[in-house]
Amino acid sequence: MTIAVSVRDLRKSYGEFEAVKGIDFEIAAGQVFGLLGPNGAGKTTTVEILEGYRNRSSGDISVLGEDPQHAGQAWRSRIGVVLQSSSLYPNLTPRESLRVFAGYYATPRPVDEVIEIVGLGEKADARVRTLSGGQKRRLDLGLALIGNPDMIFLDEPTTGFDPGARRAAWETIRNLRSLGTTILLTTHYLDEAEQLADQVAVLRGGVIVRAGSPAELTGGASETEIRYRQAGEEILERTTDPTRRLHELTSAALERGEVLDGIEVRRPTLEEVYLELTGSETGAE
Amino acid sequence: MKLFVHQLRTEQLLFWRNREAAFFTFFLPVIFFLIFGAIYGDTDISSEHIKGSYFLEAGMIGYGVASTCFAGLGITLVVRRELGILKRVRTTPLTPLTYLSAVLGSIFIVFLFEAALIILIGRVLFGVPFPTQAFSVLVVLLIGAVCFAAMGLGISGFVRSAEGSSAAINAVYLPMAIISGTFFTPKGYPTFLKVIADALPLTHYTKVTRDVMVHGVHVWSDWKQLLVVLAWGIAGMLAALKLFRWQPREA
Ligand SMILES: Nc1ncnc2c1ncn2[C@@H]1O[C@H](COP(=O)(O)OP(=O)(O)OP(=O)(O)O)[C@@H](O)[C@H]1O
Ligand SMILES: [Mg+2]
C-alpha cells in the first residue's frame, strides 16, 4: 500500500495563535480521507498547507512524495483543488472556464466529459455570474477535475448543494475513487463522511481528537446502548458486548415470564460520536 | 511559452468580455478624443504652439496609458484577488511569472490597439499627420505601459475590497489625468497646481508623448522626463513587491 499523504506533527501558528497544534495522519493512495470538525478547527489551514498554498510553522509533510512547500509545476499538475470559497471568472461560461483551466495541464480530461461528470450540461454556455450557488460549486469541482489529477483536495465541496446534487457529487467522488484518485475532503456533513470516507479524522481546536474508519468511530470506541422498561422503570445500559448482554437480558426475562417493554438496541451514529467529541467546543470559539 | 500564449488569449477573452471595464479603460479615451477634438481640435493652443487636435492626440494616449495600464489593471487585479481567482490560479501549474507576464502582455496589446485607434482617428477626422518617428513612438508606448502597469500592480495592494476598487482607483487616476495636462496644457497653471503636476508621472509622460508624436523628437532626448516616469514605475514595483497578495483580503 503506497502512502499518498503523510503528516507528522504538523503545526501552524498565525502570530501568537496556534491554529494547528501538532497533528499526525496518513492517507493511503486511492483512499478517501475525511477531515471533520467544527468551525475554526483548523481544517482549511491543514488542507491549504497540504496544497502547498500556506507554509507550515513546523512538522514534516509529504504529498505524492514531495514537500508541497517546495514542489514544482509537475507536482501541481498532479493535484486538483476545490477551495472553501468559490473562485470563478464571472463573465466566462462554465465551458470556457473549463477550457481555460484545461490549458494549464499536460493531459487534461475532455471538457465535455467534465461538464457531464459535474452535471452542468444545461448551464454549460450560460455566464457563470448567472449560475446558482450550487451550480457554481459544481463548476469549482469541475475545475479541480479538469487536470486529471492523482490527488484532489476538496474543502467543503458540497456546501450549498441541494440533496439531489449532493448525492450526484457523492457519486462523482466515488467514481473518482474507483479510478484510483486519492481524495482529501473536509465537510461538516457527517453522513457525507460516513458515505464517502475510508478514514476519518475529527479535528477540534487544532488537534485530532479521534481518527479511524467511520465504522471504527461509531462502533469501536463508543458503546452500544440498550434501553428497555422493567417494572415501569426506564433502564439504560451501555455495553461493549451487546450480543452477550442482550442474550442475558432476554433469557432472564423469558425465564421470569416477563416482557422487556420498549426494548431498543442502538449504536451511536457518526453524528452522535461527533457531537460528543466536539459538542462542548462548538460555538465556544 | 505555450502556457504564456494560452494565458494571453485567456486574458484577451476576459478583457473584451467584461464590457463595462473595456468601455472605461479602452473606449473612454477614444470618446474623449472625439468630444474634445470636436470642441477645440481646430483652435490653436498658443502656449504650446500647436493645434488643439495635435495636442489632444498625444494627450489622449497619455490618458489611455493611465486608464488602461494603471487603473484598468489595478481594478482587475483587486477584483480577481477578492474573488479568489488569483488564489485559484496559484493551485494550477501556471507559474506566477507566466501568469503576470501574460496579464501585462495582454494589457500592452490593448494599449497598443488603443493608441493605434487614436492615431488613426486623429489622421482621418482631425487631419493630424502620422508620427514620423515610428520607432520612438513604439518605445514611448512600451515604456509607458510597463511603468504605469507597475504602478497599477502597486496600487492594487492598497485597495482592500472589490466593491471599492473602481471608486478608489478612479479617484486617484482621474484627477491625475486632468492635472497632468492630458486635456489642457499645464503651462497656465497656478503655482500650487504646477507643483503637483510636476510631481506626477503622467505630466512627464504626456510631455514625452507630445514631443515625440507632434514635434518628431527622438525619444531619448526627453530622458529627464523618462527618468521621472521610470522612478514612479520602480516605486510602483516596490509597493507591489511589498503589498501584492494572491489571497483575498476579506476572507
Ligand atoms: N490567515 C489567517 N490569519 C489568522 N488566523 C487565521 C487565518 N486563517 C485561519 N485562522 C484561524 O485559524 C483557525 C482555524 O481556521 P481554519 O480556517 O483552518 O478553520 P476550519 O476548520 O476550516 O473552519 P470552517 O469549518 O469554518 O471552515 C481559526 O481560529 C481561524 O480564525
Ligand atoms: Mg474551512
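Residues numbered from 1 in each chain as written. Chains lettered and ligands numbered in written order. Predicted model: local features only at pLDDT ≥ 70, side-chain atom pairs only at ≥ 80, totals over all residues. Heavy atoms only, no water.

- Its UniProt record gives chain B a comment under Subcellular location (unreviewed entry), which states: "Membrane". (UniProt positions renumbered as here; feature names shortened; annotations may be inferred.)

- Per UniProt, chain A carries the Subcellular location (unreviewed entry) text "Cell membrane".

**Considering the layout of surface pockets**
Then step 1. When its volume is computed, the largest pocket comes out at roughly 760 Å³.
Then step 2. Every residue lining the largest pocket is counted, 31 residues in all, and those nearest its centre are A:Glu48, A:Tyr53, B:Lys87, B:Trp246 and B:Gln247.
Then step 3. Elements with a contribution of two residues or more to the lining of the largest pocket: α1 (43–50) and α2 (73–76) of chain A together with α4 (85–90) and α7 (162–179) of chain B.
Then step 4. Examining the composition of the lining of the largest pocket, we find that three residues originate from one element, α4(B), more than from any other.
Then step 5. Tallied by class, residues from the lining of the largest pocket come to 11 nonpolar, 11 polar and nine charged.
Then step 6. Approximately 630 Å³ is the volume found for the second largest pocket.
Then step 7. Surrounding the second largest pocket, 28 residues form its lining, B:Asn18, B:Ala21, B:Ile75, B:Thr76 and B:Val79 being those nearest its centre.
Then step 8. Broken down by secondary-structure element, the contributors of at least two residues to the lining of the second largest pocket are α1 (2–17), α2 (19–40), α3 (52–82), α5 (96–126) and α7 of chain B.
Then step 9. Looking at the lining of the second largest pocket, the element that brings in the most residues is α3(B), giving eight residues.
Then step 10. A per-class count over the lining of the second largest pocket returns 15 nonpolar, nine polar and four charged. (1 Å grid on protein atoms, 1.4 Å probe; cavity = no way out; pocket = protein on both sides within 12 Å on 5 of 7 lines; lining within 4 Å. Points joined across faces, edges and corners; volume = space filled by probe spheres on them. Helix = DSSP H or I, 4+ residues; strand = E, 2+ residues; numbered from the N terminus. Nonpolar A, V, L, I, M, F, W, Y, C, P; charged D, E, K, R; others polar.)

**As for the coordination of the magnesium ion (ligand 2)**
Residue and element names in this part refer to chain A.
Then step 1. Those protein atoms acting as donors to the magnesium ion (ligand 2) are Thr-44 (OG1) and Gln-84 (OE1), and they sit at 1.9 to 2.1 Å. A residue pair is termed long-range when its members are at least 10 positions apart, and Thr-44 in helix α1 and Gln-84 in the loop between β5 (79–82) and α3 (94–102) qualify at 40 residues.
Then step 2. Under the relative-accessibility criterion, Thr-44 is labelled buried at 18%. (Donors = N, O, S within 2.8 Å, 3.2 Å for Na, K, Ca; no water. Buried < 20%, exposed > 50% of the residue type's maximum accessible area, 1.4 Å probe, protein only.)

**Brief notes about the interface of chain B and chain A**
Then step 1. At the junction of the two partners, chain B supplies 24 residues and chain A supplies 26 residues.
Then step 2. Ranking the residues of chain B by area buried against chain A places B:Arg17, B:Arg88 and B:Pro93 at the top, with a combined share of 32%.
Then step 3. The closest approach of N and O atoms between B:Arg17 and A:Glu96, which form a salt bridge, is 2.7 Å.
Then step 4. Inspection of the region where chain B meets chain A yields 10 residue pairs in polar contact (both at pLDDT 80 or more).
Then step 5. Elements represented by at least two residues in the side of chain B that touches chain A include exactly α1 and α4 of chain B.
Then step 6. When residues of the side of chain B that touches chain A are assigned to their parent elements, the largest contribution, seven residues, is made by α1(B).
Then step 7. Class assignment of the residues belonging to the side of chain B that touches chain A gives a composition of 10 nonpolar, nine polar and five charged. (Contact = heavy atoms within 4.5 Å. Buried area = accessible area lost by both parts, 1.4 Å probe. Salt bridge = Lys/Arg side-chain N within 4 Å of Asp/Glu carboxyl O. Polar contact = N/O pair within 3.5 Å; in protein donor to acceptor, adjacent residues only side chain to side chain.)

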